[in-house]
Every structure is written in structure tokens, then in C-alpha cells.
Amino acid sequence: MLRTLDTAYTDTRAADLAWALGREPLPALAVLDLDLSGASVQLRLLGASHQVLLEEERGTCSETVACIPGSSTPLPLGVSKRLGEWEYEFAARVEILSQGSFAGRAQELLALVADHPNGLAGTFPGSPYAFTAMLAQRDEGQVRWRTWHAYPQEGRLVVTRTRVGVRMPVAL
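A brief report on the enclosed structure follows. Remember, predicted model here, so these are calculated numbers, not experimental data.

### Focus: the overall build of the protein
Counting its secondary structure elements, the protein contains 1 helix and 12 strands. N-terminal to C-terminal, the α/β element order of the protein is β-β-β-β-β-β-β-β-α-β-β-β-β. The buried share among the 172 residues of the protein stands at 48%.

Written as C-alpha cells, this is what we have:
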């Protein structure tokens, strides 16, 4: 699903993104509710930010990547945590692209997410390559999502990947 967000694109920077687990739902500009084989997933666009809420019989998970005023947790390159019965893995990277490459990558990602039943993307009026996009799936008992946060004024694309799944027993 592709939405034009009803807000101006503010001059945010990729370096301003912060990561948090366990936050309450924040006001969203667009929401997509999914049922992925018994896992309730809510993809939430918060402007140039995202929040994913996951609820399943084993528990809940809330991931937020946003420009959070006063946050002291910058966007990490990787996180691996235990959340009750789950393993949570998060990874982020920043792609630095030329103006032409940025436009092509933006078009490719928006087309991918807009036509996907488990995808949500939001573009900002007046800036066609300023967007946030999210895509979720479930396979082999794990819920995964990927996100893309575009900052065309910097030529930066922040890409995240998350996996939440049941902890696997350690063989002795």
C-alpha cells in the first residue's frame, strides 16, 4: 500500500534516527494491520520513522526507529536480545547514493512495497524520493520485517532488518 502522507517533509537527517524497544504506540500517519499466520503485526509510519507492533500468543514486541527527542539510544548497527520466549535480532545500515542512483533505488523500493500485500510506504508531498517504506512476512515460525527510510537531501537511505522468533534450544 502506497500513501501520500498528509504532512510536510521536515529537514530530518539519517543520523537523527534512534532505536527503541517496548515503546507505547506513537501517533501514526499511516497504519497497516496484518495477520501473519496467527501473529498480529501492525506497521506504523511515523513520518520519516517507523514503529512495528507484534502480538502473538507468546508475547508482544514493539520496535520504534524514529527521531525521538531526548533519546540517548542512537540507531545501532545490530542488536540481539531475548524477549521472553523470543529471540529478537535487528540490523541497520546506511547506503550513501548519488542523486541518480538514489532516484532509481527509491523508485525500485516504492514499486516493491506498494504492490506487496504486506507492505506499507508513505511519500511526502513535494519530495518524490522522501519516503518511509516497510515490508513484513512470516516464515518458519519467525516474523521478519524490513524498512527503508529515505533522506534524499543527504543521498542517504537507512535500511533496517528485524527478525523475531522462538528461541531455539541449544544442543549440548
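### Section: the packing of aromatic side chains
Inspection of the entire model under this criterion finds 2 aromatic pairs. With a centroid separation of 6.3 Å and an interplanar angle of 35°, the aromatic rings of Trp-19 and Tyr-88 are classed as tilted. One end of the pair, Trp-19, is in strand β2 (residues 18–21); the other, Tyr-88, is in strand β8 (residues 86–96), with 69 residues separating them in the sequence. A relative accessible area of 10% means that Trp-19 is categorised as buried. Measuring from centroid to centroid gives 6.0 Å for Trp-19 and Phe-90, while their planes differ by 35°, and the two rings are tilted. Of the two residues, Trp-19 is situated in strand β2 and Phe-90 in strand β8; the sequence distance between them amounts to 71 residues. Put simply, the rings of Trp-19, Tyr-88 and Phe-90 pair up and form one aromatic cluster.

### Observations regarding the sheet that holds strand β4 (residues 39–45)
Strands sit in the order β2-β6-β5-β4-β3 across an open sheet of 5 strands; the sheet is antiparallel. Each end of this open sheet is capped by a strand with a single partner; those strands are β2 and β3 (30–36). In this sheet, adjacent strand axes meet at a mean angle of 10° when their direction is disregarded. In the sheet, β4 pairs with strand β5 (residues 50–56) via 6 bridges, with the strands oriented antiparallel.

### Structural notes on empty space enclosed by the protein
Applying the stated criterion across every chain yields a total of 1 cavity of 30 Å³ or more. As a volume, the largest cavity reaches approximately 30 Å³. Around the largest cavity, the lining residues are Leu-54, Glu-56, Trp-86, Gly-141, Val-143, Val-164, Gly-165 and Val-166. In terms of residue count, strand β12 (residues 156–166) provides more of the lining of the largest cavity than any other element does, 3 residues in total.

### As for unusual backbone geometry
The phi dihedral of Ser-37 is positive, around 50°, even though this residue is not glycine. Here Ser-37 falls in the exposed class, since its relative accessible area comes to 64%. The backbone phi angle of Glu-140 is positive, close to 50°, even though this residue is not glycine. Along the chain, the position of Glu-140 falls in the loop between β10 (127–139) and β11 (142–151).

### Section: the environment of Ala-150
With respect to the helices, strands and loops of the structure, Ala-150 is situated in strand β11. On a C-alpha basis, the gap between Ala-150 and Ala-133 in space is 8.7 Å, while along the polypeptide they are 17 residues apart.

### Side note on the pattern of salt bridges
For the structure shown, the criterion picks out 9 salt bridges. A salt bridge links Arg-58 to Glu-85; the shortest N-O distance between them is 3.7 Å. Linking Arg-58 in the loop between β5 and β6 (59–66) with Glu-85 in the loop between β7 (78–83) and β8, this pair joins segments that are 27 residues apart in sequence. Take Glu-85: its relative accessible area is 45%, and that puts it in the partly exposed class. Residue Glu-87 is joined to Arg-82 by a salt bridge in which the shortest nitrogen-to-oxygen separation is 3.5 Å. The class of Glu-87 is buried, set by a relative accessible area of 18%.

Conventions we followed
- Residues numbered from 1 in each chain as written.
- Predicted model: local features only at pLDDT ≥ 70, side-chain atom pairs only at ≥ 80, totals over all residues.
- Heavy atoms only, no water.
- Helix = DSSP H or I, 4+ residues; strand = E, 2+ residues; numbered from the N terminus.
- Buried < 20%, exposed > 50% of the residue type's maximum accessible area, 1.4 Å probe, protein only.
- Phe/Tyr/Trp six-rings, centres within 6.5 Å; stacked < 30°, edge-to-face > 60°.
- Pairing = 2+ DSSP bridges.
- Axes fitted to C-alpha atoms, helices over the stretch in contact; angles between N-to-C directions.
- 1 Å grid on protein atoms, 1.4 Å probe; cavity = no way out; pocket = protein on both sides within 12 Å on 5 of 7 lines; lining within 4 Å.
- Points joined across faces, edges and corners; volume = space filled by probe spheres on them.
- Salt bridge = Lys/Arg side-chain N within 4 Å of Asp/Glu carboxyl O.

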